[in-house]
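Single-letter residue listing:
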Amino acid sequence: MGKVLWRIHIIINFIVSMKSFFEEFKVFAVRGNVVDLAVAVVIGTAFGKIVSSLVDTIVMPSIGLLLGGVDFTGWAFAIGDAHIAYGKFIQSVVDFVIIAFVIFVAIRALRKFEKKEEVKTGVDSKTSEEVLLLREIRDSLKR
């Protein structure tokens with residue numbers, strides 16, 4: 001009988017610990033940062049597909065046309081049984097450059113917007129941090 005009660009006790013403790021684990025996970029998963037990250041990953045994946053399509057169907061054929069009808073996807077060479085398609089690699093590099101450029105422009109615009117908001121409100125983030133720190137020191141010295 002003692003072993004049965006001990007096993008029941010262990011099972012109950014396990015269930016209680018799992019319940020708190022899932023509650024903690026729920027709090028973590030519902031926080032804004034995780035949800036924002038998930039949305040960003042989905043949008044980024046979709047954006048990557050759009051850029052790949054743009055590069056595959058418009059950019060690279062246009063560059064190939066300007067270079068005299070060159071098809072980059074066909075650029076490859078073989079070493080023994082290995083087929084090395086470096087034309088597809090060139091397309092991937094162009095994909096990366098376009099995505100990196102768009103991200104750069106978006107972050108740059110966001111920074112300009114943040115600076116304009118600081119000017120409108122007249123709040124300088126360094127000053128407010130210093131003031132908060134000084135207030136905290138003052139309050140701790142009063143104690």
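Residues numbered from 1 in each chain as written. Predicted model: local features only at pLDDT ≥ 70, side-chain atom pairs only at ≥ 80, totals over all residues. Heavy atoms only, no water.

### Here we look at the overall build of the protein chain
The following threshold applies: Helix and strand definitions follow DSSP, with helices as H or I runs of at least four residues and strands as E runs of at least two, each counted in order from the N terminus. With the radius of gyration taken over C-alpha atoms, the globule rule is written as 2.2 Å times the number of residues to the power 0.38. Buried, partly exposed and exposed residues are distinguished by accessible area as a fraction of the type maximum, computed with a 1.4 Å probe on protein chains only: under 20%, between the cut-offs, and over 50%, respectively. By definition in these notes, contact holds between two residues if any of their heavy atoms fall within 4.5 Å. Exposure was quantified through the Shrake-Rupley algorithm and a 1.4 Å probe, taking into account, for residues, occlusion by the shown protein chains and nothing else. His is not counted here, nor are the chain ends, while Lys and Arg score as positive and Asp and Glu score as negative. A single reference atom marks each charge: NZ on Lys, CZ on Arg, CG on Asp, CD on Glu.
When you go through the protein chain residue by residue, the secondary structure sums to four helices and two strands. Helices (α) and strands (β) of the protein chain occur, in sequence order from the N terminus, as α-α-β-β-α-α. The C-alpha atoms of the protein chain give a radius of gyration of 29 Å, which is well past the 15 Å a tight globule of 143 residues would have. Principal-axis analysis of the C-alpha atoms places the extent of the protein chain at approximately 80 × 65 × 25 Å. Each of the 143 residues in the protein chain was classed as buried or not, and the buried ones make up 7%. Summarising the internal contacts of the protein chain: among those between residues at least 6 apart in sequence, 41% fall at separations of at least 24. Of the roughly 12,400 Å² of accessible surface on the protein chain, a fraction of 69% belongs to carbon and sulfur atoms. In the protein chain, the 18 positive side-chain charges and the 15 negative ones have mean positions that sit 7 Å from each other.

### Side note on the nonpolar core
Proteins that are soluble and globular tend to have nonpolar side chains buried together. Applied cut-off: What we call a nonpolar core is a set of buried Ala, Val, Leu, Ile, Met, Phe, Trp, Tyr and Cys residues that are connected through their side-chain atoms within 4.5 Å.
Counting residues in each nonpolar core, the largest one holds five residues, listed as V51, V55, M60, F72 and V94. Excluding its chain neighbours within four sequence positions, the residues that come into contact with F72 are M60, I63, G64, L67, G87, K88 and I90.

### Quick word on the side chain of Q91
Along the chain, Q91 falls in helix 3 (residues 86-121). On the basis of relative accessible area, Q91 is assigned to the buried category, the value being 9%. Setting aside residues no more than four positions away along its own chain, Q91 makes contact with V55, D56, M60 and T73.

### Quick look at the confidence of the model for the protein chain
Counted only if it meets this: The quantity called pLDDT is the predictor's confidence in a given residue, expressed from 0 to 100.
Predicted confidence across the protein chain gives a mean pLDDT of 81, with 90% of residues reaching 70 or more. Element-level mean pLDDT values for the protein chain span from 78 in helix 1 (residues 2-30) up to 90 in strand 1 (residues 77-79).

### Thoughts on the packing of aromatic side chains
As a reminder, the rule being used: Pairing of aromatic side chains here covers Phe, Tyr and the six-membered ring of Trp, requires ring centres within 6.5 Å, and sorts the geometry by plane angle: under 30 degrees stacked, over 60 edge-to-face, intermediate tilted.
A full pass over the atoms with the stated rule returns two aromatic pairs. Aromatic side chains W75 and Y86 sit 5.9 Å apart centroid to centroid with 50° between the ring planes, which places their arrangement in the tilted category. Pair noted here: W75 is in the loop between helix 2 (32-66) and strand 1 and Y86 is in helix 3, with a separation of 11 residues, a long-range link. Owing to a relative accessible area of 30%, W75 belongs among the partly exposed residues under this scheme. According to the relative accessible area criterion, Y86 is partly exposed, its value standing at 35%. Connected via pairs of aromatic rings, a cluster forms that spans W75, F77 and Y86.

### Remarks on the side chain of D95
Applicable threshold: A carboxyl oxygen of Asp or Glu within 4 Å of a side-chain nitrogen of Lys or Arg is what we treat as a salt bridge.
On the secondary structure map, D95 appears in helix 3. Look at D95: it is buried, it has no salt bridge, and the nearest opposite charge is K88 at 12 Å. Setting aside its immediate chain neighbours within four residues, D95 contacts V51, S52 and V55.

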